[in-house]
Amino acid sequence: MPASDYAAQRDAMVEHQLQRRGISDPRVLEAMRRVPRERFVLPEFRHEAYSDQALPIACGQTISQPYIVALMTEALQLSGTEKVLEVGTGSGYQAAVLALLARKVVSIERHEELSRRAGRVLQELGLDNVLLVVGDGTKGYPPEAPYDRILVTAAGPEVPPALIEQLAPDGLLVMPVGPPEHQVLRVYRKRGDHLEVEQLCPVRFVPLIPDEQTPPEAEE
Ligand code: SAH
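Every chain's residues receive numbers from 1 upward, in the order its sequence appears when written. Local features in this predicted model are restricted to residues of pLDDT 70 or higher, and side-chain atom pairs are both shown and tallied only at a pLDDT of 80 or more, whereas totals for entire chains, interfaces and linings draw on every residue. Note that the side-chain values use all heavy atoms of the structure and ignore hydrogens as well as water.

Enquirer: Explanation requested: the site of the ligand in the structure shown.
Expert: Near the ligand you find 25 residues, and of these Ser 91, Glu 109, Asp 136, Gly 137 and Ile 209 are the closest. Counting of polar contacts relies on pairs of N or O atoms within 3.5 Å, with two restrictions inside protein: one atom must be capable of donating a hydrogen and the other of accepting it, and residues adjacent in sequence are counted only when both atoms are side-chain atoms. One of the side-chain N or O atoms of Glu 86 is found 3.0 Å from a nitrogen atom in the ligand. Within the side chain of Glu 109, a nitrogen or oxygen atom sits 2.6 Å from an oxygen atom of the ligand. The protein chains hide 99% of the 590 Å² of surface that the ligand would expose on its own. Here a cavity denotes a set of grid points, spaced 1 Å apart and computed over the protein atoms alone, in which a 1.4 Å probe fits but from which it cannot get out, and a pocket denotes an open set meeting protein on both sides within 12 Å along at least five of seven lines; residues with an atom within 4 Å of a point are reported as lining. Any molecule with more than half of its atoms within 2 Å of a cavity's or pocket's grid points is counted as sitting in it. Taken atom by atom, the bulk of the ligand overlaps the largest pocket. Going through the elements one at a time, strand 2 (62–63), helix 4 (93–101) and strand 4 (104–109) are the ones with two or more residues in the shell around the ligand. Each residue belonging to the shell around the ligand can be placed in one class, and the counts come to nine nonpolar, 12 polar and four charged. Proximity criterion: a residue is near a molecule or strand once any of its heavy atoms comes within 4 Å of it. Residue-level accessible areas treat just the shown protein chains as cover; the underlying method is Shrake-Rupley with a 1.4 Å probe. Working definition: helices are DSSP H or I runs of at least four residues, strands are E runs of at least two. Numbering for both runs from the N terminus. Charged residues are taken to be Asp, Glu, Lys and Arg, nonpolar residues to be Ala, Val, Leu, Ile, Met, Phe, Trp, Tyr, Cys and Pro, and polar residues to be all remaining types, Gly included.

Here you go:
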């Protein structure tokens with residue numbers, strides 16, 4: 001499909017899936033108009049790149065629905081000066097959107113293969129303010145801390161304590177929290193040593209898996 005057809009699909013996605021559902025931050029809408037989602041999905045799903053759903057990627061993971069990417073990004077209230085930590089690089093699509101809206105993005109992924117693929121696409125797109133790290137994101141990434149914003153794109157029972165520690169004062173953290181059938185997207189703000197919390201909406205994400213939960217046979 002010609003690039004201009006994808007651009008038209010992207011514009012339609014922004015209007016129908018995002019603006020109609022209330023995404024209004026002009027910078028977020030512009031970033032969603034610019035990032036070529038078709039480059040981050042598997043070739044066999046390219047024709048569905050702008051459909052209103054999550055899609056499978058390698059390693060049994062998913063690239064989130066465009067609306068959820070926009071909603072989480074809007075909740076981070078980025079002005080362009082922030083350092084952002086993303087846990088769960090996956091395809092790299094969300095990282096690309098963040099890269100257009102923040103000063104620097106550090107993104108952690110536990111599957112090396114996903115991180116490598118994401119790195120290739122981000123490089124081809126010239127997004128050089130993203131640092132990709134392979135590892136357990138529940139531990140954060142201390143060398144680059146503190147982070148003005150943290151986005152967790154996999155669901156867990158609670159916010160990992162290391163992420164709270166690595167969040168800057170007044171920083172925002174967005175994460176899907178809860179058991180598989182009852183996850184809620186939450187926005188936390190760090191005030192002193194406690195967190196204020198706001199609920200956004202019910203969501204469905206793949207699980208956040210700490211290193212210690214990885215079965216030995218899955219480690220290869
Ligand atoms: N943000 C991604 C969607 C990610 S799906 C995108 O835009 O495509 C969630 C990702 O979190 C998966 O790739 C999964 O492998 C990863 N993940 C799960 N637990 C993790 C952990 N403890 N540390 C780092 N990544 C993790």
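Alright, that's what it looks like, and here's the rest.
Enquirer: Where do I start with the pairing of strand 7 (residues 167–177) in this structure?
Expert: Taken residue by residue, a regular strand's side chains alternate between the two faces of the sheet. Counting buried positions along strand 7 gives nine out of 11 residues, so the element sits mostly inside the fold. Both strand 6 (residues 147–152) and strand 7 contribute to a ladder of four bridges, which runs parallel. Note on strand 7: the bridge partner recorded for Ile 150 is Leu 173. For the handedness criterion, the strands are oriented away from the viewer, and a crossover whose path from the first strand over the helix to the second runs clockwise is classed as right-handed. Chirality of the crossover, the property in question, places the unit of strand 6, helix 6 (residues 161–166) and strand 7 among those that are right-handed. DSSP calls a pair of strands paired once it identifies at least 2 bridges connecting them. The pairing of strand 7 with strand 8 (residues 183–191) spans six bridges and is antiparallel. Of the residues in strand 8, the one forming a bridge with Val 174 is Val 187. Only protein chains enter the accessibility calculation, which uses a 1.4 Å probe. A residue is then buried if its area is under 20% of the maximum for its type, exposed if over 50%, and partly exposed in between.

Purely geometric stuff here, so don't read any function into it on its own.
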